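Observations on the three-dimensional arrangement
What follows is each chain in one-letter form.
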Amino acid sequence: MVYPHTLRIINMPAVLLVHGGAWAIPEELAKASVDGVKSAACEGFSVLRRGGSALDAVEAAVRALEDNPDFNAGHGATLNIDGEVELDAIIMDGRTLACGAVSSVKNIANPVSLARAVMEKTSHVMLTGRGGNLFAESIGVGSVPSDSLVSDHERTEWSKMDNYDAEVLTDFNSKWAHDTVGAVAVDSAGNVACATSTGGIRNKMVGRVGDSPIVGCGGYADNSSGAVSCTGHGESILKVTLARLILSHIEQGKSVADASQLSLQHMSDRVHGAGGAVVVSPSGQWAATFTTKRMAWAAVEQDVLWFGLDPNERLKEKLSQ
Ligand code: GLY
């Protein structure tokens, strides 16, 4: 007898999909956002092309987005009410449901890799604030100066606005939205994984944690249904456990696109929240869906790079092998 958790699908076409956050991306950031997600998707997919795991691929893709100051994660993260960077991240392995997360950590350039270390080197799922930083120090993850994570753009935007609710209403076009980064992948063995990383929402209270590092909210991965990474208004995503909600629709037979749309619509109807998600199934179906004005996303499937920014936009480029 073969038990479901031992099932292995060999030589599936691998797929990797990233998002750079769902929000009202202004025109001046449009090109940088699209270029950034395309480059991160290629970086993550290069891991899969070499026969690497979905877990390694989503970590590589999210690290690329954290290193890019045009996105709200790692370098370029938003500032809290005190003008500090506090970072949240999660990573999850769909083979075993192993997951690791960090919340409100400071001075860390790549929180996604610290989240992975929590998963692999501790008996816990999440470390927060000082505990996350002490753990980083104990395993030799170097800290970086706070200022090195702050982009000029973020410093300027932060100095214009000092109220969280006004921030969300004004900058996110009257929608509860903002940006975050994330990736999902399925590798050639049919294993799925997700990773999500964020600086949260500008002018958040000190210690505020959104959906991103919370299992089942900012991300979830399970080989039996798929992998999801979410973006959007964290307080809304938390209330509807968006990542798990999407997967529960898939478990009930919905396509990845329908499951994403139904779940985001539910979040809008029930708590007036807007956001987005990237989803991949173990068989390689994928979808990038959002209810905000824009979301930069990119996917690599075999030798094709798909990408988009505006609703219903699905552009493609052939990749050289
Ligand atoms: N979705 C990320 C946050 O609200 O912090």
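Residues numbered from 1 in each chain as written. Predicted model: local features only at pLDDT ≥ 70, side-chain atom pairs only at ≥ 80, totals over all residues. Heavy atoms only, no water.

Before going further, it helps to examine the nonpolar core. Ranked by internal contacts, the top residues of the largest apolar core, which has 56 residues, are L16, V18 and I91. In terms of residue count, helix 1 (residues 27–49) provides more of this core than any other element does, nine residues in total. With 39 residues, the next largest nonpolar core counts A22, I250, W286 and F290 among its residues. (Core = buried A, V, L, I, M, F, W, Y, C linked by side-chain atoms within 4.5 Å. Buried < 20%, exposed > 50% of the residue type's maximum accessible area, 1.4 Å probe, protein only. Helix = DSSP H or I, 4+ residues; strand = E, 2+ residues; numbered from the N terminus.)

Another aspect to go through is a nonpolar patch on the surface. On the surface, V125, M126 and V215 cluster together to form a nonpolar patch covering roughly 200 Å² of accessible area. Summarising the element assignment, M126 is placed in strand 4 (residues 126–128). (Patch = residues over 30% accessible without salt bridge, like charges linked within 9 Å, V, L, I, M, F, W, Y side chains within 5 Å. Areas by Shrake-Rupley, 256 points an atom, 1.4 Å probe, with all protein chains shown as cover. Salt bridge = Lys/Arg side-chain N within 4 Å of Asp/Glu carboxyl O.)

Of all residues in the protein chain, 91% attain a pLDDT of 70 or more, and the chain-wide mean is 91. Every residue in residues 1–9 scores below 50 in pLDDT, and together they form seven contacts with partners more than four places removed in sequence or on other chains. In this model residues 171–177 is a low-confidence stretch, pLDDT under 50, and it forms 31 contacts with partners more than four residues away in sequence or in other chains. (pLDDT = per-residue confidence, 0-100. Contact = heavy atoms within 4.5 Å.)

Once that is clear, we can look at the packing of helix 2 (residues 54–66) against helix 3 (residues 111–121). Where helix 2 contacts helix 3, the two axes come as close as 8 Å, and the packing angle between them is 150 degrees. Residues L55, D56, E59, V62, R63 and E66 of helix 2 lie in contact with helix 3, whose contacting residues are P111, V112, S113, R116, M119 and E120. Split into classes, the residues belonging to the contact of helix 2 with helix 3 amount to five nonpolar, one polar and six charged. (Axes fitted to C-alpha atoms, helices over the stretch in contact; angles between N-to-C directions. Nonpolar A, V, L, I, M, F, W, Y, C, P; charged D, E, K, R; others polar.)

One pass over the full model with this rule turns up two aromatic pairs. Ring geometry for W286 and W297: centres 5.7 Å apart, planes at 50 degrees, overall tilted. A residue pair is termed long-range when its members are at least 10 positions apart, and W286 in strand 10 (residues 286–290) and W297 in strand 11 (residues 294–301) qualify at 11 residues. On the basis of relative accessible area, W297 is assigned to the buried category, the value being 3%. Measuring from centroid to centroid gives 6.3 Å for W286 and W306, while their planes differ by 55 degrees, and the two rings are tilted. Of this pair, W286 sits in strand 10 while W306 sits in strand 12 (residues 304–308), and the two are 20 residues apart along the sequence. Every member of this aromatic cluster is reached through a ring pair, and the members are W286, W297 and W306. (Phe/Tyr/Trp six-rings, centres within 6.5 Å; stacked < 30°, edge-to-face > 60°.)

Bringing the UniProt feature "active site" (unreviewed entry) in the protein chain into the picture now. On the UniProt side, "active site" (unreviewed entry) is annotated at positions that read T180 here. Relative to the elements of secondary structure, T180 occurs in the loop between helix 6 (164–171) and strand 5 (181–186). Overall, the relative accessible area of 1% leaves T180 in the buried class. (UniProt positions renumbered as here; feature names shortened; annotations may be inferred.)

Across a sheet, strands are paired by hydrogen bonds formed along the backbone, either parallel or antiparallel in direction. Taken in spatial order, the nine strands line up as 4-3-2-6-5-1-11-12-13 in an open sheet, and their pairing is mixed. Where the open sheet ends on each side, the last strands, each with one partner, are strand 4 and strand 13 (315–318). Along the sheet, successive strands turn relative to each other by an average axial angle of 10 degrees, direction set aside. In terms of strand pairing, strand 2 (residues 87–93) meets strand 3 (residues 98–105) through six bridges, oriented antiparallel. Opposite I90, over in strand 3, you have A101 as the bridge partner. On top of the sheet, helix 3 reaches strand 2, strand 3, strand 4 and strand 6 (192–198); it is set at about 130 degrees to strand 3, its chief contact. On the sheet, helix 4 (residues 129–138) packs against strand 3 and strand 4 and is oriented at approximately 105 degrees with respect to strand 4. (Pairing = 2+ DSSP bridges.)

With that out of the way, let us pick up the pattern of salt bridges. Taken as a whole and assessed by the stated rule, the structure comprises 14 salt bridges. A salt bridge links K106 to E84; its shortest N-O distance comes to 3.5 Å. Within this pair, whereas K106 is found in the loop between strand 3 and helix 3, its partner E84 is found in the loop between helix 2 and strand 2, the two being separated by 22 residues in sequence. A residue is classified by how much of its surface remains accessible, and K106, at 29% relative accessible area, is partly exposed. Of the residues examined, E84 reaches a relative accessible area of 26% and is grouped as partly exposed. Of the charged contacts in the structure, one is a salt bridge between D93 and R95, with a shortest N-O distance of 2.9 Å. Connected through shared salt-bridge partners, D56, E59, R116 and E120 make up one network.

Moving on to unusual backbone geometry. For N107, which is not glycine, the phi dihedral falls at a positive 60 degrees. Secondary-structure assignment places N107 in the loop between strand 3 and helix 3.

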